[in-house]
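# Structural description and commentary
Read off the chains here:
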Amino acid sequence: MNVHTEPLVILLVEDNPDHTELIIRALSDHQIPNRIIHVSDGEAALDYLWRRAQFADPATSPQPHVILLDLQLPRLNGLEVLQAIKSSEMRHIPVVVVTTSRAERDVSTAYRHYANSYLVKPVDFQQFTRMLHDLGDYWLGWNWPLRERLSPPMP
């Protein structure tokens, strides 16, 4: 696995404090340097991506390399956030849905709005931890586009 010299920026959009802590802890345990930015609602996620309000400074709010997105969020739900991202100049950023929803409607809607992956959070703590470890291996280590700084695709 490639070890990055610059931290990969991960935008974590999750409102459950227990899930947030577990995800941050699991991703921090990887040998791949990463910086996790956490927001707890859909509006804050879009504020971060569009550098609005407290996220206006690009030095403290860098563009993420990958977004981990829950679906059940306050203010704007995850599907609305996904649709906004994938219909914008930010569409090149991989979005991994990490949610408790197994509903076929949510899965199909997420993929219809170009989610890069859809993961259901296991109820079992060890399975959840293993899933996060595997997610980190794939998205932070093996996935080729994240090996270099992502930039918008050339027209």
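Residues numbered from 1 in each chain as written. Predicted model: local features only at pLDDT ≥ 70, side-chain atom pairs only at ≥ 80, totals over all residues. Heavy atoms only, no water.

Across all of its chains, the model carries two aromatic pairs by this definition. Ring geometry for Tyr48 against Phe55: centres 5.3 Å apart, planes inclined by 70°, an arrangement best described as edge-to-face. You'll find Tyr48 and Phe55 in the same group, each marked buried. Judged by centre distance (6.4 Å) and plane angle (45°), the rings of Tyr111 and Tyr118 are tilted. (Phe/Tyr/Trp six-rings, centres within 6.5 Å; stacked < 30°, edge-to-face > 60°. Buried < 20%, exposed > 50% of the residue type's maximum accessible area, 1.4 Å probe, protein only.)

Relative orientation of the contacting elements helix α1 (residues 17–28) and helix α5 (residues 125–142) amounts to 50°, with a least axis distance of 9 Å. With respect to α5, the axis of α1 lies oblique. Note on packing geometry: the crossing formed by α1 with α5 is right-handed. Mapping the contact onto sequence places His19, Leu22, Ile23, Ala26 and Leu27 in α1 and Phe125, Phe128, Thr129, Leu132, Leu135, Gly136 and Leu140 in α5. (Axes fitted to C-alpha atoms, helices over the stretch in contact; angles between N-to-C directions. Helix = DSSP H or I, 4+ residues; strand = E, 2+ residues; numbered from the N terminus. Parallel < 35°, antiparallel > 145°, perpendicular 65-115°, else oblique. Left-handed = near helix turned anticlockwise from the far one by under 90°. Contact = heavy atoms within 4.5 Å.)

A few words on the packing of helix α2 (residues 42–49) against helix α3 (residues 78–86). Contact pair α2 / α3: the axes reach a minimum separation of 9 Å and the direction vectors enclose 20°. Considering their axes alone, α2 and α3 lie roughly parallel with respect to each other. Where α2 crosses over α3, the two elements pack in a sense that is right-handed. Along the contact surface, α2 presents Gly42, Ala45, Leu46 and Leu49, while α3 presents Val81, Ala84 and Ile85.

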